[in-house]
Amino acid sequence: MNDLVKVEQLSYRKGMKQIFNALDFSIQSGKIIALIGENGSGKTTIMRLLAGLALNWKGQILIDGCVVGTKTKSFVAYLEDKNNYQPNQRLEEIISFYDRFYTDFDKRRAYELLRFMNLSESEKIGNLSKGNAEKFALSMTLARRAKLYLLDEPLSGVDLLSREKIIQSLLQWFEEDSSIIITTHQLREIENIIDEVLFLRDGKIILHESLETMKEVKHKDLEALYREVYEI
Ligand SMILES: Nc1ncnc2c1ncn2[C@@H]1O[C@H](COP(=O)(O)OP(=O)(O)OP(=O)(O)O)[C@@H](O)[C@H]1O
C-alpha cells in the first residue's frame, strides 16, 4: 500500500518552545488512524502542520507525494476546533460557499449529511447549539471528497448517543482509498472504527500500533494500551 502521509525529520518550533524535533511517521491510504496523547502532547499541532496551516517547519511533510502547502490544501479536509462563520449565515448559504470554494466539495453529500445530523438548511449558524454547530462543521468536512481528512476532536460537545451514531457511520462517508486522522480523548468510542493508533508524548511518537496487533497479539483494548504507555 502507498504512503498517503510521509513525515520525515520534522522539526517545528513555536515561540520559545521546540514542539517537534526530528519527528518521523507515515500513514498509508485507506486507513483510519487515531492520534492519541495527553493534553499538550502536540496533536493539534500535527493536524495544523498536515493541513498546511503552520509555517517555518523543517524536514519533510509529503501528502500523496506533494510537499504540504497550497496544492495539498485542495485534497486535505481539516476540521478545526473553531469556525469562522458569520452568525447570521444560513446553513444553505455556507454550503453554497463551500461548493464554490472547494473543487472536491460534493453538495449532494452535504445535504445528505445535514439530514443525517438532523439539521435544517434554513437554520442560521449562530442559532445552533454548540453540539449542533460541531455536527455541521463535521458535515462540511466530510462533504469534501478529499484524500485526507483531519478531524481534531470532532464531537467533543455532542451528546453521547449522537456521538456514537456519527462515529459508527463515519466509514460510509469517506472514499475507500482516503484516510482519516482523528484526535479524541474518548478512546472507547473510536475503538471499533480505527485501523491504527499513534501515541504521542512530548512531541514524539512513542508507539504506532495496528488495532489487530493490539487486540490479537497484546490482548489489550485501547484504554489498557493507553494506561500501559502513559502510566510510567
Ligand atoms: N502559540 C503557541 N506558542 C507556544 N507554544 C504553543 C503554542 N500553541 C501550542 N503550544 C504548545 O505546543 C504544545 C502542543 O500543543 P497542542 O495544542 O498541539 O497539544 P494537544 O496534544 O493538541 O493538546 P490538547 O489535548 O490539550 O488539545 C503544547 O506544549 C503547547 O503549550
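One can find the structure itself at the top, above this paragraph.
Everything numeric in this text was worked out from a predicted model, so none of it was measured. (Residues numbered from 1 in each chain as written. Predicted model: local features only at pLDDT ≥ 70, side-chain atom pairs only at ≥ 80, totals over all residues. Heavy atoms only, no water.)

K.L.:
Now, about the site of the ligand: what can you tell me, with residues and values included?
P.N.:
Around the ligand sit 13 residues, and of these K17, G40, K43, T44 and T45 come closest. In the model, an oxygen atom of the ligand is placed 2.7 Å from a nitrogen or oxygen of the K43 side chain. Interatomic distance of 3.2 Å between a side-chain N/O atom of H185 and an oxygen atom of the ligand. For the ligand, the protein covers 63% of the area, taking 650 Å² as the surface of the free molecule. When contributions to the shell around the ligand are tallied by element, the ones reaching two or more residues are β2 (17–28) and α1 (43–50). Sorting elements by how many residues they give to the shell around the ligand places α1 first, with three residues. Its residues placed into classes, the shell around the ligand shows one nonpolar, seven polar and five charged. (Near = heavy atom within 4 Å. Polar contact = N/O pair within 3.5 Å; in protein donor to acceptor, adjacent residues only side chain to side chain. Areas by Shrake-Rupley, 256 points an atom, 1.4 Å probe, with all protein chains shown as cover. Helix = DSSP H or I, 4+ residues; strand = E, 2+ residues; numbered from the N terminus. Nonpolar A, V, L, I, M, F, W, Y, C, P; charged D, E, K, R; others polar.)

K.L.:
Could you give an account of the sheet that holds strand β3 (residues 32–37), naming the residues involved and the relevant values?
P.N.:
What the six strands build is an open sheet, ordered β6-β7-β8-β3-β9-β10; its pairing is mixed. Strand pairing shows two members of the sheet lacking a second neighbour, β6 (76–79) and β10 (204–210), which therefore form its edges. Ignoring which end each strand starts from, the neighbouring axes of this sheet average 15 degrees apart. As paired strands, strand β9 (residues 196–201) and β10 are joined by six bridges and run antiparallel to one another. Pairing of L200 across the sheet is with I205, part of β10. Along the sheet face, helix α5 (residues 130–142) touches β6 and β7 (148–152) and points at about 175 degrees away from the line of β6. (Pairing = 2+ DSSP bridges. Axes fitted to C-alpha atoms, helices over the stretch in contact; angles between N-to-C directions. Contact = heavy atoms within 4.5 Å.)

So yeah, pure geometry; function would need other evidence.
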